Amino acid sequence: TEVTHGLDRPIAVGALVGEVARERLGTPRGATPGDRILLTKGVPIEGTAILAGEQGERLTAVLSPEELARARDFLTDPGLDVLRDARGATGAGRVTAMHDPTEGGVATALWELAEASGRALEVNPGRIPVPELAGRVCRAFGVDPLATIASGALLLTCPPSEAEAIRGALSDAGIACSDIGEVKTGPPAVRRGPEAGGGMLDRPDRDDLGKVYET
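Residues numbered from 1 in each chain as written. Predicted model: local features only at pLDDT ≥ 70, side-chain atom pairs only at ≥ 80, totals over all residues. Heavy atoms only, no water.

Asks: Can you walk me through the overall build of the chain in this structure?
Replies: Along the backbone of the chain there are 6 helices and 6 strands. Since a compact globule built from 215 residues should have a radius of gyration of about 17 Å, the 18 Å found for the chain is in line with a globular shape. Along the first, second and third principal axes, the C-alpha atoms of the chain reach 45 × 45 × 35 Å. Counting every position in the chain, which comprises 215 residues, the buried fraction comes to 44%. Here the contacts in the chain between residues at least 6 apart in sequence split such that 88% fall between residues at least 24 apart. Carbon and sulfur atoms form 50% of the exposed surface of the chain, whose accessible area is close to 11500 Å². Taking the average place of the 23 positive charges on the side chains of the chain and the average place of its 32 negative ones, the gap between the two points comes to 4 Å. (Helix = DSSP H or I, 4+ residues; strand = E, 2+ residues; numbered from the N terminus. Rg over C-alpha atoms; globule rule 2.2 N^0.38 Å. Buried < 20%, exposed > 50% of the residue type's maximum accessible area, 1.4 Å probe, protein only. Contact = heavy atoms within 4.5 Å. Areas by Shrake-Rupley, 256 points an atom, 1.4 Å probe, with all protein chains shown as cover. Lys, Arg positive; Asp, Glu negative; His and termini not counted. Charge placed at Lys NZ, Arg CZ, Asp CG, Glu CD.)

Encoded structure:
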């Protein structure tokens, strides 16, 4: 749900309802202690496309015209669709939970996954892939790539024995997939792993994209 101000035309809102066998239903609730946490593609795909598309004139000093066009095209390449990611993962191994990062970025999505499953997550932010071009766009605006709208990536958890097969299948399909951490016992929290210095991973109060539109 969202609030949009200033609309002067009708908009259509729809909902899609489907059926699935109970044992094949993928939700954020099934993460189990010991599971690996995987992330497809990288972040922030949608945030990069929005900034390049709506604030492109502010990027001309740091991006070439070709790079700016490529950043705008993040909407389609790597794209916002996670259906192939989900099908590839579930077809290659047992996936215990899935969640798609949107507003608030992957940091918010990790907290949502922790709360839905009632588990603690231990992650290494340094393993979360930020494409080079996306990183440059984020730095130009001073936004955190982990807290910026990240549609196009897919978070999933799986038993350690399944992780290599799932990552391999996704790679064979041309979809990058990174192992970013492990599911621990509760209570719900998102912690940095020892290699990242420990401590809690901050939960964004809002999407970092908002600061760009305040000025």
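Asks: Help me out: how do you make sense of the packing of helix α1 (residues 45-54) against helix α2 (residues 65-72) in this one?
Replies: For any two helices packed against each other, one specifies the crossing angle of their axes together with the interaxial distance. Their axes nearest at 7 Å, the elements α1 and α2 cross at an angle of 130°. With respect to α2, the axis of α1 lies oblique. In this structure, α1 meets α2 at a crossing whose hand is left-handed. When α1 is examined against α2, the residues T48, A49, A52 and G53 are found in contact with a partner set consisting of L68, A71 and R72. A class-by-class count of the residues in the contact of α1 with α2 yields 4 nonpolar, 2 polar and 1 charged. (Axes fitted to C-alpha atoms, helices over the stretch in contact; angles between N-to-C directions. Parallel < 35°, antiparallel > 145°, perpendicular 65-115°, else oblique. Left-handed = near helix turned anticlockwise from the far one by under 90°. Nonpolar A, V, L, I, M, F, W, Y, C, P; charged D, E, K, R; others polar.)

Asks: How should I be thinking about the side chain of D207 in this particular structure?
Replies: When you line up the elements, D207 lands in the segment after β6 (189-192). Buried and without a salt bridge, D207 has R206 as its closest oppositely charged side chain, separated by 7.9 Å. Within polar-contact distance, the side chain of D207 engages the backbone nitrogen of G104 at 2.8 Å. At 2.9 Å, the side chain of D207 and the backbone nitrogen of L209 are in polar contact. In contact with D207, other than residues within four places in its own chain, are T102, E103, G104, G105, A147, T148 and I149. (Salt bridge = Lys/Arg side-chain N within 4 Å of Asp/Glu carboxyl O. Polar contact = N/O pair within 3.5 Å; in protein donor to acceptor, adjacent residues only side chain to side chain.)

Asks: What exactly am I supposed to notice about the pattern of salt bridges here?
Replies: If the charged atoms of two oppositely charged side chains come close together, the side chains can form a pair. Inspection of every chain in the model, using the stated rule, returns 12 salt bridges. For R127, the salt bridge identified is with E195, shortest N-O distance 2.6 Å. Taken together, the positions of R127 in the loop between β3 (120-123) and α5 (132-141) and E195 in the segment after β6 put the pair 68 residues apart, joining distant regions of the chain. Residue class for R127 comes out partly exposed when judged on its relative accessible area of 32%. Overall, the relative accessible area of 56% leaves E195 in the exposed class. A salt bridge links E214 to R206, with the nearest nitrogen and oxygen atoms 2.6 Å apart. Via salt bridges that share partners, R36, R127, D179, E182, K184 and E195 belong to a single interconnected network.

Asks: For this particular structure, what's the right way to read the nonpolar core?
Replies: Soluble globular proteins tend to pack their nonpolar side chains together in the buried interior. Judged by nonpolar contacts, the single largest core of 24 residues is most densely connected at L110 and L121. Broken down by secondary-structure element, the contributors of at least two residues to this core are β1 (36-40), α4 (105-117), β3, β5 (177-184) and β6. When residues of this core are assigned to their parent elements, the largest contribution, 7 residues, is made by α4. When neighbours within four sequence positions are excluded, L121 is seen to be in contact with I37, L110, L113, A114, E182, V183, A189, V190 and R191. Within the second largest apolar cluster, 19 residues are counted, among which are A49, C138, F141 and I149. (Core = buried A, V, L, I, M, F, W, Y, C linked by side-chain atoms within 4.5 Å.)

Just geometry here; none of it tells us what the structure is for.
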